[in-house]
Amino acid sequence: METIPLHENIHQPINQLPDKVKTSVGILFNPNANIWKLNDISKNHSFNFTKLHLEENLLYGLKRTFIWYLENRSISHAANMFNLFEKLLNYIYRLDKKNISKIKLIDIKNFENSLDNLHIWHLSSLSNFLKKWYEMGYIGFSEKAYDYLNEKKLKGNKKGTAVLTMCPYKGPFTDLEYKSIEDSLNNKYANNEILEEEYLLIKLVMIYGSRPIQIAQLKVCDILKLTKEDASHEYMIRMPRAKNRKQIRSEFKVRSIPPQLGEILLEYTNKLKNHFHDILKDTEQTPLFPSQSNKLSGVLTYHKNSPDIRSKIKSIISKFDLISERTNKKLNIFPTRFRRTIGTRAASEGHGELIIAELLDHTDTQNVGVYVQSRPEMMERIDKAIALYFAPIAQAFAGKLVKDKSTAKRSHDPSADIIDPKVDSSCKAMGKCGTYSFCGLLSPIACYTCNSFQAWSDGPHEKVLESLLQERKKLLKTTDYRIASINDRTILAVAQVVIECKKYTNTNQQELIT
């Protein structure tokens, strides 16, 4: 076995560790302390060597190994190794009730046998750290245990179950769930019920499926406006790469931004730069989603960390009070579900593993095959009965139902009437548009999920519902599920209006529905 050269003589006492060590992201710490507290963009990490049941003579080599990990790997990866190593030591200590002077082959085998199928990955993940400890020449890990780990093919963490099973709590969102998030986000933003920062954060997560640690690293200089040869503009975002074991913001994936969103983002970055004008020397380094306090340093000054971003995403969407049509409970929100949704949608549209890996910024295709195997289609068939059943759960109708038309916004403006002769040949209006702003969306399809729509209590809503269902049925025969289901949320919104109109009529018009 070729031994990796040591930094220095392994027989030097522990107090001769360097006074300072710099991590791969430039954070300095004192390795002579028994507790290392390191704060990076992923979260606050603690390496507490006082909790390890080890003989003192092993600590020097162990610290040297962790120093190597912190200098060459991410802090979060080193912290994961420390936590798994602590689990191993706690297991061995519980058996012998004495401090450990060497981890032997029998210890590794016993630990392996103690792990069930859900946790067997603990040893496979820890294996590389244990082998590195031995290869660096420090005492504490036996040669036989090292040889065993070198030869043994260990099972890794089982991945993809949530995607393959379309888990309603952890798996990809269905089209209806995803659309409910999108519609609620747009309506809340249009009504000034959420901040611009919150709107843009959720938009970026939904479009790109980026990990919180990537979002946390974004700066205003990552939003680019480019001028094309025809003098038109296009917008791009430089998304920092993650999981590449390199320094923070050392590699990027450049993605296209939809023009309308790009304009909002660019205006938002200018506001941020003005705000940080007297705080940062170079306002181009302003975080895209800044923290209220400067808890990080260096290149990440005033950035939120990964848990902050994750918590913010969950907090924003949780306020929407969305119900899943699969569980009839509040929609479970966490960022990974958006990544899984993008993967399953891409697979459903016929894209292969290479394209999906590129979309999700994977370095290879070993973890994307699960998306190709999954089928996210949950509701192949929707008829009137099903639509009326799911409508109260989906709560897709975003406008209000009006009985007294004189109280409606723009009540005397005939151009605000929502009419479709293809649906109702008598040209009876379904309702009125309550906004004066330009809308380039198709009425009445887009109206029922818009919060500016005022639906008449006596409007031809059942005819709208039947028309949409017939169109879906026809498309399902001539195209595929993805095309046919594009208006599913609108169908549920119209069905909800039909139910409420009947309820209103059955109570002898005693209730005003809003």
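Report on the accompanying structure. (Residues numbered from 1 in each chain as written. Predicted model: local features only at pLDDT ≥ 70, side-chain atom pairs only at ≥ 80, totals over all residues. Heavy atoms only, no water.)

**So, the overall build of the protein**
Thought 1: For the protein, the count of helices and strands is 18 helices and 11 strands.
Thought 2: For the protein, restricting intrachain contacts to residue pairs at least 6 apart in sequence, the fraction spanning at least 24 positions comes to 64%.
Thought 3: Just so you have it, the protein exposes about 26,400 Å², and 49% of that area is on carbon and sulfur atoms. (Helix = DSSP H or I, 4+ residues; strand = E, 2+ residues; numbered from the N terminus. Contact = heavy atoms within 4.5 Å. Areas by Shrake-Rupley, 256 points an atom, 1.4 Å probe, with all protein chains shown as cover.)

**Focus on the side chain of Asp488**
Thought 1: Position of Asp488 among the secondary structure elements: in helix H18 (residues 488-506).
Thought 2: By relative accessible area, which is 4% here, Asp488 ends up buried. (Buried < 20%, exposed > 50% of the residue type's maximum accessible area, 1.4 Å probe, protein only.)

**Re the packing of aromatic side chains**
Thought 1: Tallied over the full model, the rule gives 21 aromatic pairs.
Thought 2: Ring geometry for Tyr60 and Tyr138: centres 6.2 Å apart, planes at 85°, overall edge-to-face. Taken together, the residues span a long stretch of sequence, with Tyr60 in helix H1 (residues 59-72) and Tyr138 in the loop between helix H4 (121-135) and helix H5 (143-151) at a distance of 78 residues.
Thought 3: An aromatic cluster is present here, built from Phe29, Trp36, Phe47, Phe49, Phe66, Trp68, Tyr69, Phe82, Phe85, Phe129 and Trp133 joined pairwise through their rings.
Thought 4: Sitting above the plane of the Trp68 ring, Lys132 keeps its charged end 3.9 Å from the centroid.
Thought 5: A cation over an aromatic ring shows up here: Arg238 above the ring of Phe252, its NZ or CZ 4.3 Å from the ring centre. (Phe/Tyr/Trp six-rings, centres within 6.5 Å; stacked < 30°, edge-to-face > 60°. Lys NZ or Arg CZ within 6 Å of the ring centre and 35° of its normal.)

**Quick look at helix H8 (residues 196-208)**
Thought 1: The end-to-end C-alpha distance of H8, which contains 13 residues, comes to 18 Å, matching closely the 18 Å that a straight helix rising 1.5 Å per residue would cover.
Thought 2: Counted residue by residue, H8 has 11 buried out of 13 residues, so it is predominantly covered.
Thought 3: Of all the positions in H8, only Glu196, Glu198, Tyr199, Leu200, Leu201, Ile202, Lys203, Leu204, Val205, Met206 and Tyr208 are classed as buried.
Thought 4: Phi turns positive, to about 60°, at Gly209, one or two residues after H8. (Expected span 1.5 Å × (residues − 1).)

**Thoughts on the environment of Tyr69**
Thought 1: Structurally, Tyr69 can be placed in helix H1.
Thought 2: Spatially, the C-alpha atoms of Tyr69 and Ser24 are 8.8 Å apart, while their sequence positions differ by 45 residues.
Thought 3: Excluding its chain neighbours within four sequence positions, the residues that come into contact with Tyr69 are His77, Ala78, Met81, Asn128, Phe129 and Lys132.

**Some points on the packing of helix H7 (residues 175-190) against H18**
Angle between the axes and distance between the axes: these two values describe a pair of packed helices.
Thought 1: As a packed pair, H7 and H18 sit with axes 9 Å apart at the nearest point and diverge in direction by 75°. Between H7 and H18, the angle is such that the two are roughly perpendicular. Where H7 abuts H18, its residues Leu176, Lys179, Ser180 and Asp183 lie against Asp488, Arg489 and Leu492. (Axes fitted to C-alpha atoms, helices over the stretch in contact; angles between N-to-C directions. Parallel < 35°, antiparallel > 145°, perpendicular 65-115°, else oblique.)

**A closer look at the sheet that holds strand S11 (residues 453-456)**
Thought 1: Strand order across the open sheet formed by four strands is S8-S11-S10-S9, with mixed pairing between neighbours. The two strands at the open ends of the sheet, each matched to only one other strand, are strand S8 (400-402) and strand S9 (417-418).
Thought 2: One ladder, built from three bridges, connects strand S10 (residues 431-433) with S11; its direction is antiparallel. Of the residues in S11, the one forming a bridge with Lys432 is Gln454. (Pairing = 2+ DSSP bridges.)

**Structural notes on the pattern of salt bridges**
Thought 1: Inspection of every chain in the model, using the stated rule, returns 26 salt bridges.
Thought 2: Here Lys273 ties to Glu284 by a salt bridge, and the two come within 3.1 Å at their closest N and O atoms. In this pair, Lys273 is assigned in helix H10 (residues 259-275) and Glu284 in the loop between H10 and helix H11 (306-318), connecting sequence segments 11 residues apart.
Thought 3: Overlapping salt bridges, with partners in common, bring together Lys384, Glu462, Glu466 and Lys502 in one network. (Salt bridge = Lys/Arg side-chain N within 4 Å of Asp/Glu carboxyl O.)

**Some words on the nonpolar core**
Thought 1: Membership of the largest hydrophobic core comes to 50 residues, with the highest contact counts inside it found for Phe47, Leu62, Phe85, Ile103, Ile108, Leu130 and Phe141.
Thought 2: Only strand S3 (35-39), H1, helix H2 (75-96), helix H3 (105-114), H4 and H5 provide two or more residues apiece to this core.
Thought 3: For this core, the element with the most residues is H2, which contributes 11 residues.
Thought 4: Setting aside its immediate chain neighbours within four residues, Phe85 contacts Leu52, Leu54, Leu62, Ile103, Leu126, Phe129, Leu130 and Trp133.
Thought 5: The next biggest cluster of nonpolar side chains, apart from the first, holds 41 residues, and it includes Tyr178, Tyr268, Leu331 and Ile333. (Core = buried A, V, L, I, M, F, W, Y, C linked by side-chain atoms within 4.5 Å.)

**Thoughts on the environment of Ser415**
Thought 1: Relative to the elements of secondary structure, Ser415 occurs in the loop between S8 and S9.
Thought 2: For the pair formed by Ser415 and Lys432, sequence separation is 17 residues and the distance between their alpha carbons is 8.8 Å.
Thought 3: Polar side-chain contacts of Ser415 include one of 2.6 Å to the side chain of Asp413. (Polar contact = N/O pair within 3.5 Å; in protein donor to acceptor, adjacent residues only side chain to side chain.)

**Examining H2**
Thought 1: For H2, with 22 residues, the first-to-last C-alpha span of 32 Å sits near the 32 Å given by 1.5 Å per residue.
Thought 2: The complete set of buried residues in H2 reads Ile75, Ala78, Ala79, Met81, Phe82, Leu84, Phe85, Glu86, Leu88, Leu89, Tyr91 and Ile92.
Thought 3: Along its buried surface, H2 packs onto S3, strand S4 (44-48), H1, H3 and H4.
Thought 4: Note on H2: the residue one or two positions beyond its end, Lys97, has a positive phi of about 60°.

**Notes on unusual backbone geometry**
Thought 1: We note that Lys97 has phi near 60°; this positive angle belongs to a residue other than glycine.
Thought 2: With respect to the element layout, Lys97 can be found in the loop between H2 and H3.
Thought 3: Of the residues examined, Lys97 reaches a relative accessible area of 58% and is grouped as exposed.
Thought 4: Here the phi dihedral of Arg410 falls at roughly 60°; this positive angle occurs in a residue that is not glycine.
Thought 5: With respect to the helices and strands, the residue Arg410 is situated in the loop between S8 and S9.

Bear in mind that shape data such as this cannot, by itself, settle questions of function.
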